[in-house]
Amino acid sequence: MHAARLETSSRLKRVFELLADGREHSTQDIVRGAGVCAVNSIIAELRANGLEIECRQVVEPLFGRIWLYRMSAGGGGS
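What counts and what doesn't
- Residues numbered from 1 in each chain as written.
- Predicted model: local features only at pLDDT ≥ 70, side-chain atom pairs only at ≥ 80, totals over all residues.
- Heavy atoms only, no water.
- Core = buried A, V, L, I, M, F, W, Y, C linked by side-chain atoms within 4.5 Å.
- Buried < 20%, exposed > 50% of the residue type's maximum accessible area, 1.4 Å probe, protein only.
- Helix = DSSP H or I, 4+ residues; strand = E, 2+ residues; numbered from the N terminus.
- Contact = heavy atoms within 4.5 Å.
- Salt bridge = Lys/Arg side-chain N within 4 Å of Asp/Glu carboxyl O.
- Pairing = 2+ DSSP bridges.
- Axes fitted to C-alpha atoms, helices over the stretch in contact; angles between N-to-C directions.
- Arc of directions from axis to C-beta.

### Overview of the nonpolar core
Side chains of a nonpolar character, in soluble globular proteins, are inclined to be buried together. In this structure, Val15, Leu19, Ile43, Leu46 and Ile53 are the most contacted members of the largest nonpolar core, which totals 16 residues. Contributing elements (two or more residues each) for this core: helix H1 (10-19), helix H2 (27-34), helix H3 (39-48) and strand E3 (64-71). It is H3 that provides the largest number of residues to this core, a total of 4 residues. Here isoleucine 53 is in contact with Leu19, Ile43, Leu46, Arg47, Tyr69, Arg70 and Met71, once residues within four sequence places are set aside.

Structure representation (structure tokens):
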């Protein structure tokens with residue numbers, strides 16, 4: 001995979017800014033809040049840019065599996 005650079009990608013910047021609060025955000029939160037698709041790919045690109053982003057899944061009775069993402073304070077990495 002060729003990862004875009006955070007410095008030059010508005011798509012990555014929007015997701016970075018959304019995750020910068022250090023709270024967990026679901027895939028749907030990210031899609032709506034940053035106006036992006038393919039959240040898992042964007043997270044992989046942000047990680048390739050040196051950011052530390054945790055991912056976990058929860059199972060909600062009404063909604064099924066939900067993936068949650070959280071960026072370490074300050075983003076970690078370079």
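### Things to note about the pattern of salt bridges
Tallying each qualifying case throughout the model produces 5 salt bridges. A salt bridge links arginine 23 to aspartate 21; the nearest nitrogen and oxygen atoms lie 3.5 Å apart. The structure contains a network of salt bridges with shared partners spanning Glu24, Arg56 and Arg70.

### Here's the deal with the sheet that holds strand E1 (residues 25-26)
Spatially, the 3 strands line up as an open sheet ordered E1-E3-E2, and their pairing is antiparallel. Strand pairing shows two members of the sheet lacking a second neighbour, E1 and strand E2 (53-60), which therefore form its edges. H3 contacts E2 and E3 of the sheet and is inclined by roughly 155 degrees relative to E2.

### Describing H3
Turning to H3, its buried residues number three or more, namely Val39, Ile42, Ile43, Glu45 and Leu46. Projected down its long axis, H3 carries its buried residues within an arc of 160 degrees, all on one side. Residues Asn40 and Ala48 are exposed on H3 and point more than 90 degrees away from its buried face. As for H3, its buried residues are in contact with H1, H2, E2 and E3. Just past H3, the residue glycine 50 takes up positive phi, approximately 95 degrees.

### Topic: the pairing of E3
Within a regular beta strand, the side chains point alternately toward one face of the sheet and then the other, so they alternate between its two faces. Across 2 bridges, E1 lies against E3 in antiparallel orientation. Residue pairing for E3: serine 26 is matched across the bridge by leucine 68. Where E2 lies against E3, 8 bridges are found, and the strand directions are antiparallel. Residue isoleucine 53 lies in a different strand from E3, and its bridge partner there is methionine 71. A loop of 3 residues connects E2 with E3, the two strands running antiparallel in sequence.

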